[in-house]
Amino acid sequence: MKKLFITTASILALSTSGAYAQMVQTSDIDQDGAGNIAAVDQTSGQEGLSVIDQDGDDNLANVTQSEDPVGSNSFNTAANSSSITQEGNNGEVFVVQENSDAGASTNTATVEQNSDNANVTGNDGNADGNFASNYASIAQGNAGAAPATGVGNTASISQGTLGGAAVSGNEAFVTQDGNGNSSANFQTGNNDFLSVVTTGDGNTADNSQADGENNYVAVVQNGSDNTSMTDQTGDLNIANVAQDGSEHLSDVLQNGLLNVANVNQDGVNNDSDIDQETGSFAAGTLANVTQSGSDNESDVTQLATGNPSGLVGADVVQSGTDETSTVNQSATGDVSGILGASVNQSGADNTSLVTQNASNALSGVFEADVTQAGTSGSATIDQSSDTAVDFTLSATINQISGDQNTASIVQSDDDNTATTTQIGNGNTSSTTQDSGLLVPTFLGTLEFGESGGNTATVNQDGDDNESTVNQGLTGNVAFVDQIGVDNYSLVNQLSNDSTADVNQNGTDGSSTVTQNGDNQFAMLTQGGFDNLSEITQDGDGNDAWVTQTQSDNESYITQDGDGNDAIHDQTVTSGNIATTMQMGSGNMATVNQ
């Protein structure tokens, strides 16, 4: 039989101070046993104080407090205060606090639930098959219309275990409506769920879930000066944070098998930090960040240590101005999976940095994609592996509008692919493949580390463009297309089976192609005046083609070694210079002016 204890005001204290009357409602309930119900209703006076202590299983505590003062707003204590402690399994707590006075003091609610599951361990063979499942709910806010504000609410929920393995199925829910809200929550156990909803100014929500599995946290904040911090340790953690207002801060720390964090921030001065780590037998980890406004910053750090590491993915979308995105992905297990990063920035003054690295791992796949639509964007992708096995590296940077854009791609492994597209003014693109690469000198000594089937493609359309491509050994292909003013392209390949194709269409274009090694082919097309082209090939079966369609152009071809062909094609007769130097077997040179 359930024991029911209902009170509207256990103790009614009426006191006066000066010209003001002050009425305090105080309730103190202590229950020992199972199936107890404590219901407290403090809605008829001022300053409700409630304390409930329940020891046993299947207990229920329900507290309703409303502060509707008449006269003075100067209180000695908080408008409403509720403290509930439950020791046992399957406890339920409901707390509702309302304050319709704009000048009232803080509402405070504290809930602590501890499950002693020495005899109840969930689905491990107990006859009753019970779960040690606690539930807690706190709602704080204002009941009236303006000027009611519900100032300075504080809520805290603690759920945990005593004397035994962690329990399963804990739940906690906190709702706050007003100004200066603060929420601190802690859960320990299996299948934990925690949700915090705050509306108002200066909201803060702190969530921590530890030593459990299937944990889930959802935080929604609407207002200004919001701060949300989530710390999860355990298995299969999921955290969703949505903030709407200004000066938001979100910090999510996860360590488990399948971590998923979603952060949505809207406004100015948004800051999101996600730190994720997966261990053995992990399926992977995912992070999604969406920010809209100005002065946004997103930092995603992902570490996969499992065997295999699974899928490690990060997706960052930023729209506005003065945005910074940093994605750092690492795989350190014996078997690596897929590292994928996607960054999309629209606006002005955007900066993106993506770093992907694998060590002590077997083969895997790296994919990084950065898209910047706006002005003054800067993007860098750095992909590398510290292993002796092959990785597939793919990096793409798209800067489709704006001025003063800068793009840089660095790759170090076999089977690399790099693509850069720039449209705008003052663009600069630099692509380097192979960690041991040194820029070659004219017919000098080259030093490269191991490399593979590298591919680099650069497209630039605009003013003051500059492109640099450096590739290491085996099967390299570099294509550079520049259209605009003051273009410059430099391609260095220490190749086997290399191909370099450079097309420049504009004024003051200058291009240098240097290939050293087997089966090289270089074709250069320039459209404009006063262009300068240099091709240097040293090795087997080289071919070089140069086409210049305007006047006052210069072309130099130097080939040293086996079966070389060189052709200059200058279609305008005035002021063009062609120089060919070939040393070695089977050379042929053709000049058309």
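The shown structure was predicted, so the numbers you read here are calculated from the model rather than taken from an experiment. Position numbers for residues count from 1 along each chain, tracking the sequence in the order it is written. pLDDT decides what is reported in this predicted model: residues at 70 or higher carry local features, side-chain atom pairs at 80 or more are listed and counted, and totals for whole chains, interfaces and linings draw on all residues regardless. Only hydrogens and water are set aside when side-chain values are computed; all heavy atoms of the structure are taken into account.

Enquirer: What should I look at first to understand empty space enclosed by the protein in this one?
Expert: The method is simple in principle: a probe with the dimensions of a water molecule rolls over the atoms, and the space it marks as empty is what remains. Using protein atoms alone on a 1 Å grid, points that fit a 1.4 Å probe yet trap it form a cavity, whereas open point sets bounded by protein on both sides within 12 Å along at least five of seven lines form a pocket; residues with an atom within 4 Å of a point count as lining. Grid points are joined across faces, edges and corners, and a volume is the space filled by probe spheres set on the points. Taken as a whole and judged by the stated rule, the model has one cavity of 30 Å³ or more. Approximately 30 Å³ is the volume attributed to the largest cavity. Gln345, Gly347, Asn350, Gln372, Ala373, Gly374, Thr375, Gly377, Ser401 and Asn405 together form the lining of the largest cavity. Helix and strand assignments follow DSSP, with helices taken as H or I runs no shorter than four residues and strands as E runs no shorter than two, numbered in order from the N terminus. For the lining of the largest cavity, the secondary-structure elements that each account for two or more residues are β26 (338-348) and β28 (365-375). It is β28 that provides the largest number of residues to the lining of the largest cavity, a total of four residues. Of the residues contributing to the lining of the largest cavity, the split by class is one nonpolar, nine polar and no charged. Under the grouping applied here, Gly and all other residues not named as nonpolar or charged are polar, the nonpolar ones being Ala, Val, Leu, Ile, Met, Phe, Trp, Tyr, Cys and Pro and the charged ones Asp, Glu, Lys and Arg.

Enquirer: Whenever I open this one, a negative patch on the surface confuses me. Can you help?
Expert: Here a patch means residues that are over 30% exposed by relative accessible area and free of salt bridges, tied together within 9 Å if like-charged and within 5 Å if nonpolar (Val, Leu, Ile, Met, Phe, Trp, Tyr). Accessible areas in this description were obtained via Shrake-Rupley with a 1.4 Å probe; residue shielding takes into account the shown protein chains only. One speaks of a salt bridge when a side-chain nitrogen belonging to Lys or Arg is within 4 Å of a carboxyl oxygen belonging to Asp or Glu. Positive residues here are Lys and Arg, negative ones are Asp and Glu, while His and the chain termini are left out of the count. Taken as the charge centre is NZ of Lys, CZ of Arg, CG of Asp or CD of Glu, depending on the residue. Taken together, the side chains of Asp463, Asp464, Asp486, Asp508, Asp530 and Asp552 present a region of like negative charge at the surface. Inspection of the secondary structure assignment puts Asp463 in strand β34 (residues 455-463).

Enquirer: Looking at this structure, I do not really get the environment of Leu353. What am I missing?
Expert: Tracing the chain through its elements places Leu353 in strand β27 (residues 351-359). Note: C-alpha distance between Leu353 and Ser325 (28 residues apart in sequence) is 6.3 Å. Two residues qualify as a contact provided that any one of their heavy atoms is within 4.5 Å of a heavy atom in the partner residue. Each residue touching Leu353, except ones within four places of it in the same chain, is listed here: Ser325, Thr326, Val327 and Thr380.

Enquirer: Explain the pairing of β26 here, please?
Expert: Remark: a regular strand shows side chains that alternate across the two faces of the sheet. In terms of strand pairing, strand β24 (residues 311-321) meets β26 through 11 bridges, oriented parallel. The partner of Ala314 across the bridge, within β26, is Ala341. The rule for pairing is simple: two strands pair if DSSP sees at least two bridges between them. In this structure, β26 lies alongside β28, joined through 11 bridges in parallel fashion. Each bridged residue has a counterpart across the sheet, and for Ser342 the counterpart in β28 is Asp369.

Enquirer: Please clarify how the side chain of Gln548 should be interpreted in this entry.
Expert: Tracing the backbone shows Gln548 in strand β42 (residues 543-548). Residue classification places Gln548 among the buried residues on the basis of a relative accessible area of 0%. Think of a polar contact as two N or O atoms within 3.5 Å of one another; within protein, one of them needs to be a possible hydrogen donor and the other a possible acceptor, and neighboring residues in sequence only count if both atoms come from side chains. From its side chain, Gln548 meets the backbone oxygen of Glu554 in a polar contact 3.0 Å long. Ignoring sequence-local partners within four residues, the contact set of Gln548 consists of Gln526, Asn531, Ser533, Asn553, Glu554, Ser555, Asp569, Gln570 and Thr571. The cut-offs for exposure are 20% and 50% of the maximum accessible area for each residue type, with area from a 1.4 Å probe on protein chains only; residues under the lower value are buried, those over the upper are exposed, and the others partly exposed.

Enquirer: Help me out: how do you make sense of the environment of Ile338 in this one?
Expert: Tracing the chain through its elements places Ile338 in strand β26. You can call Ile338 partly exposed: its relative accessible area is 40%. Taking the C-alpha atoms as reference points, Ile338 and Pro308, 30 residues apart in sequence, are found 9.8 Å from one another. The residues contacting Ile338, other than those within four sequence positions of it, are Gly310, Leu311, Val312 and Val365.

Enquirer: I keep staring at unusual backbone geometry and nothing clicks. Help me out?
Expert: Excluding glycine, most residues fall at negative phi; most peptide bonds, likewise, are trans. The phi angle at Asp58 is positive, at roughly 60°, despite the residue not being glycine. Tracing the sequence through the fold places Asp58 in the loop between β5 (48-55) and β6 (60-67). We note that Glu247 has phi near 55°; this positive angle belongs to a residue other than glycine. Looking at the element boundaries, Glu247 is found in the loop between β18 (238-246) and β19 (249-256).

Enquirer: What am I meant to see in the confidence of the model for the chain here?
Expert: When pLDDT is low, close inspection of the predicted coordinates is not appropriate. Confidence of the predictor at the level of single residues is given by pLDDT, which spans 0 to 100. Scored by pLDDT, the chain comes out at a mean of 78, with 80% of its residues at no less than 70. In this model residues 69-77 is a low-confidence stretch, pLDDT under 50, and it forms 18 contacts with partners more than four residues away in sequence or in other chains.

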